[in-house]
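Residue strings, one per chain:
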Amino acid sequence: MTSQTSFHSGLLAPSAPVPEGLTDGHDHPAGRRYGVYRNNVTVALRQALADGFPAIVGLIGRENFDHLARGFLRQAPPRSPVMSQYGSAFPDFLASVEQLAQLPYLGDVARIDLAMRQSYHAADSTGIDPAVLQALDEPTLLTTRIDLAPSLRVIRSRWPIGAIWHYTLRGADKPSGGPQDVAVLRAEYDPEPVILGPGATEVLAAFQDGKPFGAAIAAGGAAFDLARLLTLLLAQNAITALRPSSSVS
Amino acid sequence: MPDATHAFRHLPACPGVGYKAQHFTDILTDPNPVGWLEVHAENYMGDGGRPIAQLKVLSERFPISVHGVGLSIGGEGRLDPDHLARLKHLCDWLDPASFSEHLAWSTHDSHFLNDLLPLPYTNDTLARVADHIDEVQTTLGRRMLLENPSSYLAFAESTWSETDFLAELVRRTDCGLLLDVNNVFVSATNLDYSPQGYIDAYPLDAVGEIHLGGHDEDEDDHGAPLLIDSHGRAVVDPVWQLLDHTLAQSGPKPLLVEWDTDVPDWPVLAAEARRADAALNRVLA
């Protein structure tokens, strides 16, 4: 009898023997026929990862990517048939691979790829009319809470990851400079990674924590550019509701 | 325009194609589009975004077949309740004209392998698969179609033929069948039996849909042909002939052209669908 445990055991182990009890339909052992399944499994999972992390493929090349993917597949095989969700542990995996120590930014660039995919499949939402925000008087505005789109993601990094991502996938100028935080925003159906200015990450986190507008923007510090962040959020339909304090019971 | 949620109760006995997002505009602007579309269930399990928005638009114009590729109905373990719930959610809001899955397993010890893996045909696997089909049909509140696999090997322990195994599943669960004639041709070539003989023994009365697709050619350790079900090229002539042989006995059925890798431009896929239409017209003539 060939259990699924024994059939499964050799699929991700290329040197494992072909399980017992498998034939060519007559009396010959299955031999490389089993290898078809082994190959299908590996190729399909590697392809799913490569589709999900295009900037990493671009940075290190497909051959190197496939080599890394093989290791990741054995360590963290998918737990769900929804392949668009696969690979959330891949950025941490990249950051842990010793041979990649000279590319310390890879994990954080992979977080942008992952955030792009999560944003693409996130729930739909509608941005507010900017006039509604502009119509609020200052005391009301300062106590209003800001709801952000479920498709919005923010990645912090010690590396210029936004510039690296745009250089790799969009042909932008060669990256230079210091740390960059990146927001992934989805105005309609196409997510876009945008490099944030100083303090914006802290302000977005405060909005997401439900802090009132005044307290949230104070979290941005001295170099924070409020007009720049609000223009970005409104243009990308990323503010989905304003909740004045009077409406909160 | 009929009410989308109640317009398309059944797949029509005409050609459809496996839907690919790159063909969205082509399909909507083609003056003579195909009669229906099939989507892979797992691609529409996010919370929102373009995939689901496109599917909503298409479902207003076309009958939709939801084709699952990840439920692991042949798995030794119980069905994944989370995945079954996702399928139910999709079928509830979309109300598709058909739901189908595979006689295969793809999950083991909660590891998903992203491939359709083979089963021995024994009394034990028959009982297990029948239980799983019952659970799916009860949960979804609809009859499902079960697709025959492409086989690259056989199990020494099998005591049922594939056709008898499928017929017995139909008898026990009242499910329907999705007959993939390319899979029949691939399996028959690989395991050295007659594809026409398979069709002659197959319970054609239960067929709710027929699949057509392309395959690749390789060989085994002994130089025997080994066909690989790749869905990456045009349907070959012997498979069209096997379709004719099938339709002559079954009468017209909904026919689907699958092309999942190296996906061609729309006119190439539409031409394959027209070839399927010609096969239907021959059986009606």
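Residues numbered from 1 in each chain as written. Chains lettered and ligands numbered in written order. Predicted model: local features only at pLDDT ≥ 70, side-chain atom pairs only at ≥ 80, totals over all residues.

Chemist: When you look at the packing of helix α5 (residues 123-140) of chain B against helix α6 (residues 162-173) of chain B in this model, what are you seeing that I'm missing?
Modeler: When two helices pack together, their arrangement is given by the angle between the helix axes and by the axis-to-axis distance. All names here are of chain B. Contact pair α5 / α6: the axes reach a minimum separation of 10 Å and the direction vectors enclose 45°. Classed by the angle they form, the pair α5 and α6 counts as oblique. For the pair α5 and α6, the crossing hand works out as right-handed. Counting all contacts with α5, which are made through Leu 126, Val 129, Ala 130, Ile 133, Asp 134 and Gln 137, the residues of α6 involved are Phe 165, Glu 168, Leu 169, Arg 172 and Thr 173. Broken down by class, the residue content of the contact of α5 with α6 amounts to six nonpolar, two polar and three charged. (Axes fitted to C-alpha atoms, helices over the stretch in contact; angles between N-to-C directions. Helix = DSSP H or I, 4+ residues; strand = E, 2+ residues; numbered from the N terminus. Parallel < 35°, antiparallel > 145°, perpendicular 65-115°, else oblique. Left-handed = near helix turned anticlockwise from the far one by under 90°. Contact = placed C-beta atoms within 7 Å. Nonpolar A, V, L, I, M, F, W, Y, C, P; charged D, E, K, R; others polar.)

Chemist: How do you make sense of the interface of chain B and chain A when you look at a structure like this?
Modeler: Listed per partner, the contact involves 37 residues of chain B and 39 residues of chain A. Among the secondary structure elements, those contributing two or more residues to the side of chain B that touches chain A are α3 (50-61), β5 (105-108), β6 (111-117), β8 (154-155) and β12 (225-228) of chain B. No other element matches the six residues that β6(B) contributes to the side of chain B that touches chain A. Across the side of chain B that touches chain A, the residue classes break down as 16 nonpolar, 12 polar and nine charged. Summarising the sheet, strand β1 (residues 22-23) of chain A and β8(B) pair through two bridges and their orientation is antiparallel. (Pairing = 2+ DSSP bridges.)

Chemist: Would you explain the pairing of strand β3 (residues 64-67) of chain B in this entry?
Modeler: Two faces, one strand: in a regular strand the side chains alternate between the faces of the sheet. All names here are of chain B. A two-sided burial pattern is seen for β3, the buried positions comprising Ile 64 and Val 66 on one face and Ser 65 and His 67 on the other. By the bridge criterion, four bridges tie strand β2 (residues 36-40) to β3 in an arrangement that is parallel. Paired with His 40 across the two strands is His 67, which belongs to β3. As for the winding sense of the linkage, the β-α-β connection from β2 through α3 to β3 is right-handed. Viewed along the sheet, the connection from β3 through helix α4 (residues 81-94) into strand β4 (residues 98-102) turns out right-handed. (Buried ≥ 20, exposed ≤ 12 C-beta atoms within 10 Å, placed from the backbone. Right-handed = clockwise from strand over helix to strand, strands pointing away.)

Chemist: So what exactly am I meant to see when it comes to the environment of B:His231 here?
Modeler: Residues and elements named next belong to chain B. Summarising the element assignment, His 231 is placed in the loop between β12 and α9 (237-250). You can call His 231 buried: it has 20 C-beta atoms within 10 Å. Separated by 18 residues in the primary sequence, His 231 and Gly 213 place their C-alpha atoms 5.3 Å from one another. Every residue in contact with His 231, bar those within four places of it in the chain, is listed here: Gly 213, Gly 214, Glu 258, Trp 259, Asp 260 and Thr 261.

Chemist: I would appreciate a short explanation of the nonpolar core in the present structure.
Modeler: Burial of nonpolar side chains together is a common tendency in soluble globular proteins. With 129 residues, the main nonpolar core has A:Val109, A:Ile112, B:Leu146, B:Val181, B:Leu212 and B:Val257 as its most contacted residues. Counting contributing residues, this core receives three or more from each of domain 1 (1-103) and domain 2 (124-249) of chain A. Sequence-distant contacts of A:Val109, defined by excluding residues within four places in its chain, comprise A:Ala55, A:Ile56, A:Leu59, A:Ile161, A:Ile164 and A:Trp165. (Core = buried A, V, L, I, M, F, W, Y, C linked by C-beta atoms within 7 Å. Domains from an automatic or database assignment.)

Distances and angles like these do not, on their own, reveal function.
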